[in-house]
Amino acid sequence: MWDIVFQPFVEFGFMRRALLGCVAISVGATPVGVFLMLRRMSLTGDALACAILPGAAIGYLIAGFSLGAMTIGGVIAGMAVALLAGLVTRITVLREDASLAAFYLISLALGVLIVSTRGSNVDLMHVLFGTVLALDDSALILLCSITSLSLLTLAVFFRPLVLECADPHFLRSVSNLSAITHFTFLALVVLNLVAGFHGLGTLMSVGIMILPAAAARFWASGIGGLVFVAILSAILASISGLLLSYHFNLPSGPAIILVAGIIYGISIIFGPVGGLALRFIPRRQLET
Amino acid sequence: MRTALAFENLTLGYDSQAAVNNLEADIAEGSLTAVVGPNGAGKSTLLRGVVGALSPLEGRVAFGTLSRDDIAYLPQQSEIDWTFPLSVIDLVAMGLWHEIGPFGQLEGDRLARVEAALAAMGLTGFENRPIGSLSGGQMQRTLFARLLLQDASLILLDEPFTSVDASTIAVLLDLIQRWHEEGLTVLTVLHDHETVRTHFPKTLMLARELVAHGPTEQVLTAENQSRALEMCEACDGPPHVCGRSVA
């Protein structure tokens, strides 16, 4: 037991760094994921994750594997796509999902093109699937900062954000915070995806955001409970995924997301809030 | 009688297609008015125009001494996400937004007022129930409890009795009556002419343009109704413009 679970973290610094990075991503990204799910915007996370790619790629072109350049590039590209999609939705007939899909597809194609014309395939794999086992000090500081900023912002915007999700018309009728709340939230999504992208890659980062949130829906019904369960399952997935990748020599990003997927699957079946197993347990009807 | 609300040559619409045309009408302070008209007559659009969710294509809505904080608006039910994990008391307490804003605490006197509003709507004991578990009637009572807390002087209701049970309708009508007695201005979109006749002294009949406005018995005539139907059918463009959501 000790050898399997603790030894890798005790013995290797890179495993400890990876663990810290993943926990930071889990704590920051999953609450955002819970709100994405509650707003029925889960696929928006996906779209924005792909949208980050060309920015990160341009940063990579300019400065090589530079943390700062790729982060700034990713944030700019993600924000640009979120804002452009929002703008197109507001001034044309296209709905938000379609305009977002259009922009992220363009963005993704552009990103892959840039990375593959100028870098090697290995670089492309790094950008797409992350380098959680090679996180350095500055990357860890960045991840932890984004997580702190994200939690703080959520705390400040909590009430307007809940209203913006549950009853946007009411929020608009009583205050001017609706648009600010919406775009601050999108900015949080982008920031957390950029953080996740350093660890898990652009394609996998959205997984740690959405899967634990979706799993939590089967265990809790209040917002606090959802966030708690989601963070817990994300951390569990991170630890197990890292261990699996260590013992079986698997790429760590996909391993973590797959464990999150397994937790999601278990939740669908055994979750006490609307899980499938409940349906097959005979329940005595209360007679009045 | 002072004017709470004046529609001055007001034209409202979506994608520059008018749903309400050149409306001229004054809503007196303290009046209880039903807004009636055929489907697609622009009734919901009119309320959206009043709360500013829709900017006028032409003309304007003039408010006497009212500011936005004095207006409470209850849109049609479908616009709330009832599956959102929120308890009844949390949703109702948001009626105090003008006082508590994003950070204010909900305790003491405020909590007591929230409880009182819940009690007035017969929702005592439902405080911690998730809003998703409520029946149609209970949902509407919850929203009315929130309206109560908003402490507005102009109240706009859009089809408040749709998919609501009879006993709830009675409770809600009582409340509307009480608002009227307290001197609040109430504007309600309604379909059921019987309810309008028995409970609403004033009626504004709309068919994209103003058909008639005044005492209910003078407005709700067979002649006006058939005229409204004709006017709506004669209108250009798709018939259900009002039902469309605003992008």
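The structure presented is a predicted model; accordingly, all values stated were derived computationally and were not measured. (Residues numbered from 1 in each chain as written. Chains lettered and ligands numbered in written order. Predicted model: local features only at pLDDT ≥ 70, side-chain atom pairs only at ≥ 80, totals over all residues. Heavy atoms only, no water.)

**Remarks on the interface of chain B and chain A**
Counting from both sides, the interface comprises 22 residues of chain B and, opposite them, 27 residues of chain A. Interface area, chain B with chain A, both sides summed: about 2200 Å², of which 59% is carbon and sulfur. Put simply, chain B and chain A have two salt bridges between them. When the shortest N-O distance is used, the salt bridge between Asp81(B) and Arg40(A) registers 2.9 Å. At the boundary of chain B with chain A, the tally comes to seven residue pairs in polar contact (both at pLDDT 80 or more). Every element with two or more residues in the side of chain B that touches chain A is listed here: helix H3 (97-100) and helix H5 (136-150) of chain B. With three residues, H3(B) is the largest single contributor of residues to the side of chain B that touches chain A. Residues belonging to the side of chain B that touches chain A are distributed by class as follows: 11 nonpolar, seven polar and four charged. (Contact = heavy atoms within 4.5 Å. Buried area = accessible area lost by both parts, 1.4 Å probe. Salt bridge = Lys/Arg side-chain N within 4 Å of Asp/Glu carboxyl O. Polar contact = N/O pair within 3.5 Å; in protein donor to acceptor, adjacent residues only side chain to side chain. Helix = DSSP H or I, 4+ residues; strand = E, 2+ residues; numbered from the N terminus. Nonpolar A, V, L, I, M, F, W, Y, C, P; charged D, E, K, R; others polar.)

**Quick look at the side chain of Thr185(B)**
Residues and elements named next belong to chain B. Secondary-structure assignment places Thr-185 in strand S7 (residues 185-189). A distance of 3.0 Å separates a polar side-chain atom of Thr-185 from the backbone nitrogen of Gly-30. With residues up to four places along the chain from it excluded, the contact list for Thr-185 reads Ala-4, Ile-27, Ala-28, Glu-29, Gly-30, Ser-31, Ser-153, Leu-154 and Ile-155.

**Observations regarding H5(B)**
All names here are of chain B. Across its 15 residues, H5 extends 22 Å between first and last C-alpha, which sits within 8% of the 21 Å expected from 1.5 Å per residue. The element H5 is largely enclosed, with a buried count of 12 among its 15 residues. Just past H5, the residue Asp-151 takes up positive phi, approximately 55°. (Expected span 1.5 Å × (residues − 1). Buried < 20%, exposed > 50% of the residue type's maximum accessible area, 1.4 Å probe, protein only.)

**Brief notes about the domain arrangement of chain B**
Residues and elements named next belong to chain B. Per the domain assignment, the segments of chain B are domain 1 (1-66 + 153-247) and domain 2 (82-151). For domain 1 and domain 2, the distance between their C-alpha centroids amounts to 26 Å. Contacts between the two partners involve 16 residues from domain 1, matched on the other side by 10 residues from domain 2. In this assembly, domain 1 packs against domain 2 so that about 940 Å² is buried in total across both faces, 72% of it on carbon and sulfur atoms. Where domain 1 touches domain 2, the interface holds zero salt bridges. Looking at the side of domain 1 that touches domain 2, the elements with two or more residues in it are strand S6 (154-158) and helix H6 (166-181). The dominant element in the side of domain 1 that touches domain 2, judged by the number of residues it contributes, is H6, at eight residues. (Domains from an automatic or database assignment.)

**Re the nonpolar core**
Leu48(A), Phe144(B), Ile155(B), Leu157(B) and Trp179(B) are the most contacted members of the largest nonpolar core, which has 138 residues in total. In terms of residues, this core owes the most to one element, helix H2 (residues 13-38) of chain A, which gives 12 residues. In this structure, this core is formed jointly by two domains, domain 1 (1-66 + 153-247) and domain 2 (82-151) of chain B, each of which donates at least three residues. If near-sequence neighbours (up to four positions away) are discounted, Ile155(B) is found in contact with Ala72(B), Leu147(B), Trp179(B), Leu184(B), Thr185(B), Val186(B) and Leu187(B). (Core = buried A, V, L, I, M, F, W, Y, C linked by side-chain atoms within 4.5 Å.)

**Re the packing of aromatic side chains**
All names here are of chain A. Considering all chains together, one arrives at five aromatic pairs over all chains under this definition. On the numbers, 5.8 Å between centres and 50° between planes, the contact of Phe-12 with Tyr-246 is tilted. Within this pair, whereas Phe-12 is found in the loop between helix H1 (2-11) and H2, its partner Tyr-246 is found in helix H11 (residues 223-248), the two being separated by 234 residues in sequence. Given the relative accessible area of 31%, Tyr-246 is considered partly exposed. (Phe/Tyr/Trp six-rings, centres within 6.5 Å; stacked < 30°, edge-to-face > 60°.)

**Looking at the packing of helix H3 (residues 42-63) of chain A against helix H9 (residues 177-200) of chain A**
Residues and elements named next belong to chain A. Where H3 contacts H9, the two axes come as close as 9 Å, and the packing angle between them is 60°. Relative to H9, the element H3 is oriented oblique. With respect to the hand of their crossing, H3 and H9 are arranged in right-handed fashion. Mapping the contact onto sequence places Thr-44, Gly-45, Leu-48, Ala-49, Ile-52 and Ala-56 in H3 and Leu-186, Val-189, Val-190, Leu-193, Val-194 and Phe-197 in H9. Its residues assigned to classes, the contact of H3 with H9 shows 10 nonpolar, two polar and no charged. (Axes fitted to C-alpha atoms, helices over the stretch in contact; angles between N-to-C directions. Parallel < 35°, antiparallel > 145°, perpendicular 65-115°, else oblique. Left-handed = near helix turned anticlockwise from the far one by under 90°.)

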